[in-house]
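Residues per chain, in single letters:
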Amino acid sequence: MAKNDSAYTLYGTAFSLYTGKARAYLRYKGLAYRERLSTLRVYKRIIVPKTGVAFIPVVETPEGRFIQDTTAIIDTIEAREPARSVYPPTPKQRLTALLLELYADEWLLIPAMHYRWNYPRQNRKFLLAEFGRVALPWAPAFLRRLIASRHADRFAGMLPALGIHPETVPAIEHSYEALLDDLETHFSAHRYALGDRASLADFGLIAPLYAHLYRDPAPGRLMRQRAPAVARWVERMFDFNPPCGTWMPGDAIPKTLLPILRRQFAEQFPVLRDTVATVAAWAQAHPGERLPRRIGSHRFRLNGTEAERALMPYPQWMLQRAIDFYASLAPAERAPVDDLLRETGGLEALSMDIPTRLRRENNRLVAAPGPGQTATNP
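Here is a short report on the structure shown in this document.

Conventions used here
- Residues numbered from 1 in each chain as written.
- Predicted model: local features only at pLDDT ≥ 70, side-chain atom pairs only at ≥ 80, totals over all residues.
- Heavy atoms only, no water.
- Axes fitted to C-alpha atoms, helices over the stretch in contact; angles between N-to-C directions.
- Helix = DSSP H or I, 4+ residues; strand = E, 2+ residues; numbered from the N terminus.
- Contact = heavy atoms within 4.5 Å.
- Nonpolar A, V, L, I, M, F, W, Y, C, P; charged D, E, K, R; others polar.
- Core = buried A, V, L, I, M, F, W, Y, C linked by side-chain atoms within 4.5 Å.
- Buried < 20%, exposed > 50% of the residue type's maximum accessible area, 1.4 Å probe, protein only.
- Salt bridge = Lys/Arg side-chain N within 4 Å of Asp/Glu carboxyl O.
- Phe/Tyr/Trp six-rings, centres within 6.5 Å; stacked < 30°, edge-to-face > 60°.
- Lys NZ or Arg CZ within 6 Å of the ring centre and 35° of its normal.
- Pairing = 2+ DSSP bridges.

### Let's talk about the packing of helix H10 (residues 217–226) against helix H11 (residues 228–236)
Thought 1: Two numbers describe how H10 lies on H11: the axes approach to 5 Å, and their chain directions differ by 115°. Only Pro 228, Val 230, Ala 231 and Val 234 of H11 make contact with H10, whose side of the interface consists of Met 223, Arg 224, Gln 225 and Arg 226.
Thought 2: Within the contact of H10 with H11, the residues separate by chemical class into five nonpolar, one polar and two charged.

Quick look at the structure:
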């Protein structure tokens, strides 16, 4: 997009999972923006100095404020640009949107990373070209390949931390293929997750379903062959300023979403429970220390297969958004929400106690005391 002093600037890459989420959101809102490739030079000169962390995407506002993290980006822009809001105002739909963002952002990262890095014959040449073009776009081809190979190996090395092991691969693929089938049923009947208007749920889902699972050769072929309506939804999500219809009337949740919510509560929420408990124990044992990106490991189960994975605090911060919204509902609002949760197996999950809460401070997570606790971070 042409330079425009009133435009936003999106720093990211085409193959970045979360950049796709931010790009789709900016386009849906119809906002003027320009995209700047996050090369090594951009990381060094802009991203790290302006945000204090080395993560993309980052959005720069027209006034020069830098926002990191897609949830923070969306919430900041929603406050600035309320037209075409992506937050449904009604209880069931808003909670569903928050839950599906949590599910897609954090749990669907597992199939996204598996299908990207465990299919090297189909994907690696494509990925090395992508990584090299971003890291050192000015360098000769052999140097781009060398640097890209190092970056690719580093990302592929993250798989065990996500619970991606040879023994879990069949369970991961079974779960993802079942999800694709459910999404195919849904998007064959509905334009977006909650009707004819996009919501936070759609922007959560587009993160893994675009950059990795649509765009990479191996999973992209799987999606187009097995779930063509999902592929069309992915393409539709990148229309600029598309028609804005309405969410389903009467705070209704499409029946086609219920299997997906059931899968989320069955697969992801046991891990979230362990995360909440581990965060509390870690904060108690490390008063005043900065919360690391990983705080230990645990055994998890997926489709009958048990394996080890790392526990990371960030999903708890996302979980808090859904739980806090649920807790804020008045009794009359909560009754129909509870019916939905009973139907999907999530009533107990949304009543989860969180002893040590997390907040974002200077783009990092900080442990904050719950009621009756002593502060563990200054």
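### Remarks on the nonpolar core
What tends to happen in soluble globular proteins is that the nonpolar side chains get buried as a cluster.
Thought 1: Of all hydrophobic cores here, the largest spans 113 residues; its most connected members are Met 223, Trp 233, Phe 269 and Leu 350.
Thought 2: Apart from residues lying up to four places away in sequence, Met 223 is in contact with Tyr 176, Leu 180, Leu 209, Leu 213, Tyr 214, Pro 228, Val 230, Ala 231 and Val 234.
Thought 3: Ranked by size, the runner-up nonpolar core spans eight residues in total, among them Tyr 11, Val 42, Ile 47 and Val 58.

### Considerations on the pattern of salt bridges
Thought 1: All chains considered together, the criterion is met by 20 salt bridges.
Thought 2: The closest approach of N and O atoms between Glu 63 and Arg 80, which form a salt bridge, is 2.9 Å. Remark: Arg 80 occurs in helix H3 (residues 70–80) and Glu 63 occurs in the loop between strand E3 (58–60) and strand E4 (66–68); sequence separation between them is 17 residues.
Thought 3: When its relative accessible area of 34% is taken as the criterion, Arg 80 is described as partly exposed.
Thought 4: Across the pair Glu 130 and Arg 215 runs a salt bridge whose closest N-O atoms are separated by 2.6 Å. One end of the pair, Glu 130, is in helix H6 (residues 120–135); the other, Arg 215, is in the loop between helix H9 (200–211) and H10, and 85 residues separate them in sequence.
Thought 5: The class for Glu 130 is buried, based on a relative accessible area of 7%.
Thought 6: On the basis of relative accessibility, which here comes to 24%, the residue Arg 215 falls in the partly exposed class.

### Section: the packing of aromatic side chains
Thought 1: Taken as a whole and judged by the stated rule, the model has twelve aromatic pairs.
Thought 2: Summarising the aromatic geometry, the rings of Tyr 314 and Trp 317 are spaced 5.5 Å apart at their centres and angled 40° between planes, so their arrangement reads as tilted. Placement of both Tyr 314 and Trp 317 in helix H14 (residues 314–328) is noted, with a separation of three residues, approximately one turn of the helix.
Thought 3: Among the aromatic residues, those joined into a cluster by ring pairs are Tyr 25, Tyr 28, Tyr 192 and Phe 203.
Thought 4: One cation-aromatic arrangement involves Arg 84 over Tyr 28; the distance from NZ or CZ to the ring centre is 4.6 Å.
Thought 5: Across from the ring centre of Trp 247, 4.2 Å away, lies the NZ or CZ of Arg 197, which sits over that ring.

### Describing unusual backbone geometry
Thought 1: Put simply, Ile 56 and Pro 57 share a cis peptide bond, and its omega is 5°.
Thought 2: Within the secondary structure, Pro 57 sits in the loop between helix H2 (40–51) and E3.
Thought 3: Positive phi values are uncommon outside glycine, yet Asp 251 reaches one of about 60°.
Thought 4: Position of Asp 251 among the secondary structure elements: in the loop between H11 and helix H12 (258–267).
Thought 5: Since its relative accessible area comes to 12%, Asp 251 is described here as buried.
Thought 6: Phi at Asn 303 takes a positive value of approximately 50°, unusual for a residue other than glycine.
Thought 7: Position of Asn 303 among the secondary structure elements: in the loop between strand E5 (297–302) and strand E6 (305–310).
Thought 8: Owing to a relative accessible area of 43%, Asn 303 belongs among the partly exposed residues under this scheme.

### As for the sheet that holds E4
Thought 1: Pairing within the open sheet is mixed, and its four strands lie in the order E2-E1-E3-E4. Strands at the two margins of the open sheet, each flanked by one partner only, are strand E2 (33–37) and E4. Taking each pair of neighbouring strands and ignoring which way they run, the sheet shows an average axis angle of 25°.
Thought 2: In terms of strand pairing, strand E1 (residues 8–12) meets E3 through three bridges, oriented antiparallel. The residue of E3 that forms the bridge with Tyr 11 is Val 58.
Thought 3: Against the sheet, H2 makes contact with E1, E2, E3 and E4, and its axis sits at roughly 85° relative to E4, the strand it touches most.

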